[in-house]
Amino acid sequence: MHATVYLEDNEYIALCDLLKLAGLTDSGGRAKAAIADGLVLRNGETETRKTAKIRGGEVIEFNGAVLEIENGYDPEET
């Protein structure tokens, strides 16, 4: 899976919230466990901070999924 996630009016999103919001984990607890286990990459580097602030321009990888984070809104939804 390769997807773009838009921050809309937010400056950032917490990594654990992003994984749950994107449907990559079924709960916040599982997202936090995956992050703590070193299974999530942020811009190609292992990220173990559960509430790391993910901002536009970053790339998150987890369990074969790649999420590109962008500022603003999805142009197809406006």
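What counts, and where the lines are drawn
Residues numbered from 1 in each chain as written. Predicted model: local features only at pLDDT ≥ 70, side-chain atom pairs only at ≥ 80, totals over all residues. Heavy atoms only, no water. Buried < 20%, exposed > 50% of the residue type's maximum accessible area, 1.4 Å probe, protein only. Helix = DSSP H or I, 4+ residues; strand = E, 2+ residues; numbered from the N terminus. Arc of directions from axis to C-beta. Contact = heavy atoms within 4.5 Å. Salt bridge = Lys/Arg side-chain N within 4 Å of Asp/Glu carboxyl O.

Caption draft 1: Structural view of helix H2 (residues 28–36). Residues of H2 that are buried include every one of Ala 31, Ala 34 and Ile 35, and no others. For H2, the angular spread of the buried residues around the axis is 100°, confining them to a single face. Elements in contact with the buried residues of H2: helix H1 (15–21), strand E3 (40–42) and strand E6 (59–62). A positive backbone phi angle near 75° is found at Gly 38, which sits one or two residues after H2.

Caption draft 2: Examining the pattern of salt bridges more closely. Counted under the stated rule, the structure contains five salt bridges. Ionic pairing is found between Glu 11 and Arg 55, a salt bridge with its closest N-O pair at 2.7 Å. Taken together, the residues Glu 11 in the loop between strand E1 (2–6) and strand E2 (13–14) and Arg 55 in the loop between strand E5 (53–54) and E6 connect sequence positions 44 residues apart. For Glu 11, a relative accessible area of 56% corresponds to the exposed category.

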